[in-house]
Amino acid sequence: MDPRLTEVTQLFGRFKAAFVRSDFSSCDKLLSQLKVLLTKFPSLPPSFQESPNAIQELTIARDIYEHAVVLSVKTEDQDAFERDFFQLKPYYTDTSGIIPPSPQEYPILGLNLLRLLVQNRIAEFHTELELLPTSALENPCIKYAVELEQSFMEGAYNRVLSARQAVPHESYVYFMDLLAKTVRDEIAGCSEKAYDHLSIADAKKILMFSLDQDLATYISEERPEWEIRSGCVFFQKARESAPSKEIPSLQLINQTLSYARELERIV
Amino acid sequence: MTTDVPVLEDVEMKEPQAPPSNSATSAGPSTLQHLKEIVALIETGAYAKEIRRIVRAVRLTIVLRKKLTSGVISAFLGYALVPGSEVHSRLSSYLSKEDNHDMDVDTATSAAQAPAKHALPELEIYCYLLVLIFLIDKKRYEEAKACSSASIARLKILNRRTVDVLAARLYFYYSYSHELTNSLAEIRGNLLALHRLATLRRDELGQETLLNLLLRNYLHYNLYDQAEKLRSKAPRFEAHSNQQFCRYLFYHGKIMTIQLEYTDAKESLLQAARKAPLRAQGFRIQCNKWAIIVRLLLGEIPERTVFMQKGMKKALTPYFELTNAVRIGDLELFRAVADKYAGTFSQDRTHNLIVRLRHNVIRTGLRNISISYSRISLADVAKKLRLDSPNPVADAESIVAKAIRDGAIDATIDHAGGWMVSKETGDVYSTNEPQAAFNSRIAFCLNVHNEAVRALRFPPNSHKEKESSEKRRERQQQVEELAKHIAEEDDEEF
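Note on numbering: residues in each chain are counted from 1, in written sequence order. Working convention: letters from A go to chains and numbers from 1 go to ligands, in the order in which they are written. Under the rules for a predicted model, residues below a pLDDT of 70 receive no local features and side-chain atom pairs below 80 are neither given nor counted, while totals for whole chains, interfaces and linings still include all residues. As a convention, hydrogens and water are excluded, and side-chain values are obtained from all of the structure's heavy atoms.

Under an unreviewed UniProt entry, the name given to chain B is PCI domain-containing protein, and the source organism is Spirodela intermedia. What the UniProt record of chain B gives under Function (unreviewed entry) is the line "Acts as a regulatory subunit of the 26 proteasome which is involved in the ATP-dependent degradation of ubiquitinated proteins." Quoted verbatim from the Sequence similarities (unreviewed entry) field of UniProt, the annotation for chain B is "Belongs to the proteasome subunit S3 family." UniProt positions are given in the numbering used here, feature names are shortened, and annotations may be inferred rather than shown by experiment.

In the annotation of an unreviewed UniProt entry, the entry for chain A reads PCI domain-containing protein, and the organism field reads Spirodela intermedia.

Right, dumping it as structure tokens:
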């Protein structure tokens, strides 16, 4: 066996042991060592050189990056997640003819979709979604993310929140917690437009707070323009869209001048 | 998606329906005669450096397409190329399978007539093109692949502007033959190299063609991210070929749709559908399908005439029913249509877009409700929208709240009473809305006019061939100065 491969395998064994122990700082150190070692494998992307150990090398590299992604979720580091995911992605897209697909593939792709959703990068979400074959949409992990996006777009927020109970994979919980915060902000934004006022009890229920105190802190921190009086939350009504009395003269002049100039060119 | 290329190809065919009675023997000599005329055209074009003539030659070739037989071509190869040369023997090897022996006499005579003067690279490339078209028409795709790869290798060494037109066609068939054998991914690196080469040589037609081929290549594998990165970074210039421009618009529209830039997407797709020649039916249908979905996603309802266009009615039926469901805002009907045509939609690769539409259906339904009722309970809203979920009232409430925030409906919710109160619709003429609509229409008309004027201009240099380079430089300088002057004046006006 190739000595480099042995070294990586041993180091990866230690990494996994630390991972199981949830010793994340030593995981981090081992991971960066592993990544350096991986650069010496010739068969990995992007060169894909054919070597006798190609299959083992690719498999172990993919395994390492998969662990790296999960680790970044556990350490709640979104930037590391993005980096590791992009390093992992070529293994899913370009090695299909060389090594068998990984059982972790869809959970991790679903996790990435969820991340894009949390970060509100909907365009990238859909770009990633297009890359998946139709059969993948049936996978519980992918389906979960897709349905979340739909409920989110529709505004069925309580469906988003109740989905937290049905996570298909334990690592999804982290993003679901982040999503809950995003959802609360969305709900607050919608509520101030849709209601004149709400009783404190209702507001608590809608914004998912269990204590009056929490609600008050949230309002004072995030929505200082709301007002609490006589047991009700009043939303500011500064948005009255009265028909505009004012004529946007500057804009009109600009437009008319441009028509005149264009017409002059025609005649 | 796969249908649009051959159909768009038809555009160039002046006589697509060749008389079926044309047997090889009777058509042979006259076809050969035509081919010889084309050769003459290419020769004069190459010597006089007139690209126009070569464009014409290519167009004439496409007319002959249906009449080509292996006999005619091998006779022609004997005429145009030096017999015994490497190219000649290589190209002949593709034809040897079904050789028509009745042409042998002609081959011999023409070979004798033609001395070795025909060593023009243009002719050589033309022969490649001819054989390639023939192989594709005869469905010998593997051989076409080999032939096109050989021609591309040869093209890389040649650097002549008069070859560009032929090269662009060759690139197209190169990619097409790989698409037919389902091996597009293999040539991606090669296409990128060719695109770079074309850019270095300032071969704009080649760049245009190759950019489209690359986009097509990426989109074939749904690589929207890569496609958009390439598209946004590749140099853009005024379109040389209308067909390539149409394709570009179509691909651009598709990418924008996936990335949720619906307004841009709509513009591109509609323009592509409008610019595509009438003959390119398949391409126009594709454009229309995508344009319909994008308009639906934007919350517009396409007019009925869109679906009733000649020859498209059948292909657009699924989309028509879909539009109907969105227009009524009936989730149940929408679901039924989506299920009924699931096969068509996944074939068109629009399935994911249809999924996105669900939310528009709800919106339209909600808008209808808010127009018809001044006050309605949330339970009724849920019932009318046919939301099927464990907690319909709470869902309805948050959906309504979001619609209000997004400005889709003008209403308020009374949480304690559990109902939604619609506001009176204001007078639209008291706002600036009409002015904005007027402005966008005027801008569109003026843009159309300007583009029409630009299209009428003479191609550069076609009528001033005798002008010396010095004189030309002088003239260009004058024009530039004039333009600068005008621009300055324009600025001063403000």
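Resuming the write-up.
Draft legend 1. Main features of the overall build of chain B. Numbered from the N terminus, helices here are DSSP runs of H or I no shorter than four residues, and strands are runs of E no shorter than two. Looking only at helices and strands, one finds 24 helices and three strands in chain B. Type-normalised accessible area, obtained with a 1.4 Å probe on protein chains alone, sets the label of each residue: buried when under 20%, exposed when over 50%, and partly exposed for intermediate values. Taken over 494 residues, chain B has a buried fraction of 48%. For chain B, the exposed surface amounts to about 24,600 Å²; the carbon and sulfur share of it is 54%. Where accessible areas are quoted, they stem from the Shrake-Rupley method and a 1.4 Å probe; at the residue level, only the protein chains shown are allowed to cover.

Draft legend 2. Broad picture of the overall build of chain A. When helices and strands are counted, chain A shows 12 helices and three strands. For chain A, with 267 residues in total, the buried portion stands at 45%. Taking all contacts inside chain A whose residues are at least 6 apart in sequence as the whole, residues at least 24 apart take part in 61%. We call two residues contacting when some pair of their heavy atoms lies within 4.5 Å.

Draft legend 3. How the structure looks around the packing of helix 8 (residues 141-157) of chain B against helix 9 (residues 164-180) of chain B. Residues and elements named next belong to chain B. Note on definitions: angles span 0 to 180 degrees between N-to-C directions of axes, and those axes are lines fitted to C-alpha atoms, for helices only across the stretch in contact. Where helix 8 contacts helix 9, the axes come no closer than 9 Å and their chain directions differ by 145°. Read as a crossing pair, helix 8 and helix 9 show a hand that is left-handed. Across from Tyr-141, Ala-144, Lys-145, Ser-148, Ser-149, Ser-151, Ile-152 and Leu-155 in helix 8, the residues of helix 9 making contact are Ala-167, Leu-170, Tyr-171, Tyr-174, Ser-177, His-178 and Leu-180. Note that Gly is not counted as nonpolar here; it falls among the polar residues with everything else outside the nonpolar set of Ala, Val, Leu, Ile, Met, Phe, Trp, Tyr, Cys and Pro and the charged set of Asp, Glu, Lys and Arg. Grouping the amino acids of the contact of helix 8 with helix 9 by side-chain chemistry returns nine nonpolar, five polar and one charged. In this scheme the handedness of a crossing depends on how the near helix is turned from the far one: anticlockwise by less than a right angle means left-handed, clockwise means right-handed.

Draft legend 4. A look at the interface of chain A and chain B. Opposite the 40 residues of chain A that make contact, chain B presents 42 residues. Interface of chain A and chain B: buried area, both sides summed, is about 3,900 Å²; carbon and sulfur atoms make up 55% of it. Reported buried area values correspond to the accessible surface (1.4 Å probe) lost by two parts on association, with both partners' losses combined. On the chain A side of the contact with chain B, Glu130(A), Glu154(A) and Tyr259(A) bury the most area, a combined 18% of that side's loss. Put simply, a salt bridge is a Lys or Arg side-chain nitrogen that is within 4 Å of an Asp or Glu carboxyl oxygen. Here chain A and chain B share three salt bridges between them. Linking Arg405(B) and Glu186(A) is a salt bridge whose minimum nitrogen-to-oxygen distance equals 3.3 Å. Polar contacts, as counted here, are pairs of nitrogen or oxygen atoms within 3.5 Å of one another; within protein the pair requires one atom able to donate a hydrogen and one able to accept it, and residues that are adjacent in sequence qualify only if both atoms are side-chain atoms. Viewed at the interface, chain B and chain A are joined by 14 residue pairs in polar contact (both at pLDDT 80 or more). Taken together, the elements giving at least two residues each to the side of chain A that touches chain B come down to helix 6 (122-130), helix 7 (140-154), helix 8 (157-162), helix 9 (172-194), helix 10 (200-206) and helix 12 (249-266) of chain A. A per-element tally of the side of chain A that touches chain B places helix 12 of chain A first, with nine residues. Of the residues assigned to the side of chain A that touches chain B, the class counts are 20 nonpolar, nine polar and 11 charged.

Draft legend 5. Representation of unusual backbone geometry within the structure. The backbone of Met208(A) shows a phi angle near 60°, a positive value even though the residue is not glycine. Within the secondary structure, Met208(A) sits in the loop between helix 10 and helix 11 (212-222). Even without being glycine, Arg202(B) reaches a positive phi, approximately 55°.

Draft legend 6. Spatial organisation of the sheet that holds strand 1 (residues 197-199) of chain A. All names here are of chain A. Each pair of strands is called paired provided DSSP finds at least two bridges between the two strands. Overall, antiparallel pairing links the three strands, which are arranged 1-3-2 in an open sheet. In this open sheet, the two edge strands, each paired with only one partner strand, are strand 1 and strand 2 (227-229). Averaged over all pairs of adjacent strands, the angle between their axes in this sheet comes to 25°, without regard to strand direction. With three bridges joining them, strand 1 and strand 3 (residues 232-234) adopt antiparallel strand pairing. Looking at strand 3, one finds that Ser-199 is bridged to Cys-232.

Draft legend 7. The nonpolar core, seen in detail. Put simply, buried Ala, Val, Leu, Ile, Met, Phe, Trp, Tyr and Cys residues joined by side-chain atoms within 4.5 Å make one nonpolar core. Ranked by size, the top nonpolar core spans 216 residues in total, and within it Phe15(A), Leu148(A), Leu35(B), Phe76(B), Leu91(B), Tyr173(B) and Val400(B) carry the most contacts. Excluding residues that lie within four positions of it along the chain, Leu91(B) makes contacts with Leu77(B), Leu81(B), Cys127(B), Tyr128(B), Val131(B) and Cys147(B).

Draft legend 8. Region of the structure containing the pairing of strand 2 (residues 411-414) of chain B. Summarising the sheet, strand 2 of chain B and strand 3 (residues 419-422) of chain B pair through four bridges and their orientation is antiparallel. Across the sheet, Thr412(B) pairs through a bridge with Val421(B), a residue of strand 3 of chain B.

Draft legend 9. View of the pattern of salt bridges. Enumeration according to the criterion identifies 33 salt bridges over all chains in this entry. Asp185(A) is the partner of Lys181(A) in a salt bridge, and the nearest nitrogen-oxygen pair spans 3.6 Å. Here Lys181(A) and its partner Asp185(A) are both found in helix 9, four residues apart, which amounts to about one turn of the helix. Among the residues examined, Asp185(A) registers a relative accessible area of 25% and is labelled partly exposed. The residue Glu179(B) makes a salt bridge to Arg216(B) at a minimum N-O spacing of 2.8 Å. Residue Glu179(B) is located in helix 9, and its partner Arg216(B) is located in helix 11 (residues 204-220); the two are separated by 37 residues in the primary sequence.

Draft legend 10. Main features of the side chain of Glu122(B). Residue and element names in this part refer to chain B. Here Glu-122 lies in helix 7 (residues 121-137). Judged by its relative accessible area of 0%, Glu-122 falls in the buried class. Of note is the side chain of Glu-122, whose polar atom sits 2.9 Å from the side chain of Arg-160. For Glu-122, the contacting residues outside a window of four places in its chain are Ile-42, Ala-46, Ile-54, Arg-160, Thr-162, Val-163 and Leu-166.

Draft legend 11. Examining the sheet that holds strand 1 (residues 375-377) of chain B more closely. Residues and elements named next belong to chain B. Pairing in this open sheet of three strands is antiparallel, and the strands run 1-3-2 from one edge to the other. In this open sheet, the two edge strands, each paired with only one partner strand, are strand 1 and strand 2. Recorded for the sheet is a direction-independent mean angle of 20° between the axes of neighbouring strands. Of the strands in this sheet, strand 1, strand 2 and strand 3 touch helix 21 (residues 378-385), which is tilted by about 80° from strand 1.

Draft legend 12. Up close: the confidence of the model for chain B. Confidence of the prediction at every residue is given by pLDDT, a number between 0 and 100. In this model, chain B carries an average pLDDT of 80, and 85% of its residues clear a pLDDT of 70 or more. Taken as a whole, residues 98-116 of chain B scores under 50 in pLDDT and shows 25 contacts with residues more than four places along the chain or in a different chain.

Draft legend 13. The arrangement of the environment of Asp414(B) in detail. All names here are of chain B. With respect to the element layout, Asp-414 can be found in strand 2. C-alpha separation for the pair Asp-414 and Leu-378, spaced 36 residues apart in sequence, amounts to 9.5 Å. In this structure the side chain of Asp-414 is engaged in a polar contact, spanning 3.2 Å, whose partner is the backbone nitrogen of Gly-417.

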